[in-house]
Amino acid sequence: MKLEGVELRWIEIPLVAPFRTSFGTETRRSVLLVRAVTGDGEGWGECVAMSEPVYSAEYVDGAAHVIRSFLVPKLTADTDPWRAEQAFRPIHGHPMAKAAVGAAILDAWLRERSTSFGEFLGAVRPSVAAGVSVGIMDSIPALLDAVEGYLEEGYQRIKLKIEPGWDLEPVRAVRERHPDILLQTDANTAYTLADARHLAKLDAFDLLLIEQPLPEDDIAGHAALARLVRTPICLDESITSASVAADAITRGATSIINIKPGRVGGLLEARRVHDVCAAHGVPVWCGGMLETGIGRAANVALAALPNFTLPGDTSASSRYYTTDITPPFTLHNGTLPVPTAPGLGVTPTPTTLQPLTTRTEYLPIPSQTTRPL
Ligand code: SMG
Ligand code: MG
């Protein structure tokens, strides 16, 4: 592969409905796309950072700065997915920026080899079970309507966003209305260990898991909480690498893990997290960051690995966008098909992408000229 340059592309795309979590309400996504330009091809990656540092420390403008100033200058024309990962290692943090560039390079590299992400990662199934993440609503009836709609579409599992003041009642209402569905909650760090007794009341609702109740750096707190509630604790924000995953598991802080490639620095590390969890007998599922079809294609391929045994936040494109930038991912009996064409298996549709684009920037890879004697 001969990498010639990396193009950054900023797009603004509205969500079909506002999505409220404990850290704010999203009505649109500001997405940074990365395109690896090679001699005779290209590859795409999506940066999952949000426009503000509210889910994690990263945000779109910061990620663009890191990519421009520190990541792309470390790349060489003869890069490959492992060399790129190695080249980024001296730069601390910024996993979402690294993952976006890494995905674009992997896509270009796999397209050259006519290999799909699924084949490369080790997918063992042709489609993956789709769950859906339901935001905090203004009222319980509005929540019940939203859940009803998703279940009618065929989603196999419902995740309810919770925060103090919106937890036991909405969960109780959904569970009473739907006694048999797969149901779980996600707090996005909104609680403290002092809430343990309150969170234990969720045990009454037969939940699959409680996701990230405490702050991301509080592994010990999650371990203590796991001893006080019966519902399994699942970490999201806390799990930034395979070694952190191994540590959290062995400390008893988590018994299920949410894997997001952007949160752990890329698909290669995401696969290592999957492997380390499998070795510990800890099931995993694929999280979501409201991705467009570019990020979604990679997530769906990852979710086809053997230890992804729970439905993910890998919903259909229509749950997020009226018109996605790629051909849409659609639900078939509650599953999404794993793309089989080379690389990601999808590319942005130029006529959709163009009007959503607010800016592009091309970063050439310096050509390696022979050093003069
Ligand atoms: O992609 O369907 C999706 C969103 C899933 O709830 C979701 N993501 O903490 O897991 C999480 C959140 C993070 C992003 S919220 C804007
Ligand atoms: Mg989460």
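Each remark here, short or long, concerns the structure printed above.
Scope of this entry: the structure provided in the associated data block. What you are looking at is a predicted structure, and each value in this text was computed from that prediction instead of being measured. (Residues numbered from 1 in each chain as written. Chains lettered and ligands numbered in written order. Predicted model: local features only at pLDDT ≥ 70, side-chain atom pairs only at ≥ 80, totals over all residues. Heavy atoms only, no water.)

**A word on the environment of glycine 265**
If you trace the backbone, glycine 265 turns up in the loop between helix 10 (261-264) and helix 11 (267-279). Between the alpha carbons of glycine 265 and proline 327 there is a distance of 26 Å; along the sequence they are 62 residues apart. In contact with glycine 265, not counting residues within four places along its chain, are Pro95, Lys98 and Ala99. (Helix = DSSP H or I, 4+ residues; strand = E, 2+ residues; numbered from the N terminus. Contact = heavy atoms within 4.5 Å.)

**With respect to the coordination of the magnesium ion (ligand 2)**
For the magnesium ion (ligand 2), every protein donor is listed as Asp186 (OD), Glu211 (OE) and Asp236 (OD), and the spread of their distances is 2.1 to 2.3 Å. Mapped onto the sequence, the residues coordinating the magnesium ion (ligand 2) show the spacing D-x24-E-x24-D. Within this pair, whereas aspartate 186 is found in strand 7 (residues 182-186), its partner glutamate 211 is found in strand 8 (residues 210-211), the two being separated by 25 residues in sequence. For the pair shown, aspartate 186 and glutamate 211 are each scored as buried. (Donors = N, O, S within 2.8 Å, 3.2 Å for Na, K, Ca; no water. Buried < 20%, exposed > 50% of the residue type's maximum accessible area, 1.4 Å probe, protein only.)

**Let's talk about the site of ligand 1**
Every one of the 19 residues lining ligand 1 counts as a neighbour, but Ser133, Asn188, Gly288, Leu290 and Tyr320 are closest to it. Contact distances for ligand 1 include 3.1 Å between an oxygen atom and a side-chain N or O atom of lysine 260. For ligand 1, an oxygen atom lies 2.6 Å from a polar atom in the side chain of tyrosine 320. For ligand 1, the accessible surface in isolation is 430 Å², of which the surrounding protein chains cover 100%. At the level of secondary structure, the elements contributing two or more residues to the shell around ligand 1 comprise strand 1 (3-21) and strand 6 (157-161). Tallied by class, the residues present in the shell around ligand 1 amount to seven nonpolar, four polar and eight charged. Here the shell around ligand 1 spans two domains, since at least three of its residues come from each of domain 1 (3-113 + 348-364) and domain 2 (118-337). (Near = heavy atom within 4 Å. Polar contact = N/O pair within 3.5 Å; in protein donor to acceptor, adjacent residues only side chain to side chain. Areas by Shrake-Rupley, 256 points an atom, 1.4 Å probe, with all protein chains shown as cover. Nonpolar A, V, L, I, M, F, W, Y, C, P; charged D, E, K, R; others polar. Domains from an automatic or database assignment.)

**As for the sheet that holds strand 11 (residues 284-286)**
A sheet is described by the order of its strands in space; here seven strands give the open sequence 5-6-7-8-9-10-11, paired in parallel fashion. What marks the edges here is a single partner per strand, and that holds for strand 5 (131-134) and strand 11. Bridging between strand 7 and strand 8 involves two bridges; their strand directions are parallel. Counted as the bridge partner of aspartate 186 is glutamate 211 from strand 8. (Pairing = 2+ DSSP bridges.)

**A few points about the pattern of salt bridges**
Side chains that differ in sign of charge can pair as their charged atoms come close. Evaluated as defined, the whole model comprises 24 salt bridges. Here glutamate 85 ties to arginine 89 by a salt bridge, and the two come within 3.7 Å at their closest N and O atoms. Overall, the relative accessible area of 19% leaves glutamate 85 in the buried class. The partner of arginine 113 in a salt bridge is glutamate 112, with the nearest N and O atoms 3.7 Å apart. Each of Arg157, Lys159, Lys161, Asp186, Glu211 and Asp313 takes part in salt bridges that share partners, so that together they form one network. (Salt bridge = Lys/Arg side-chain N within 4 Å of Asp/Glu carboxyl O.)

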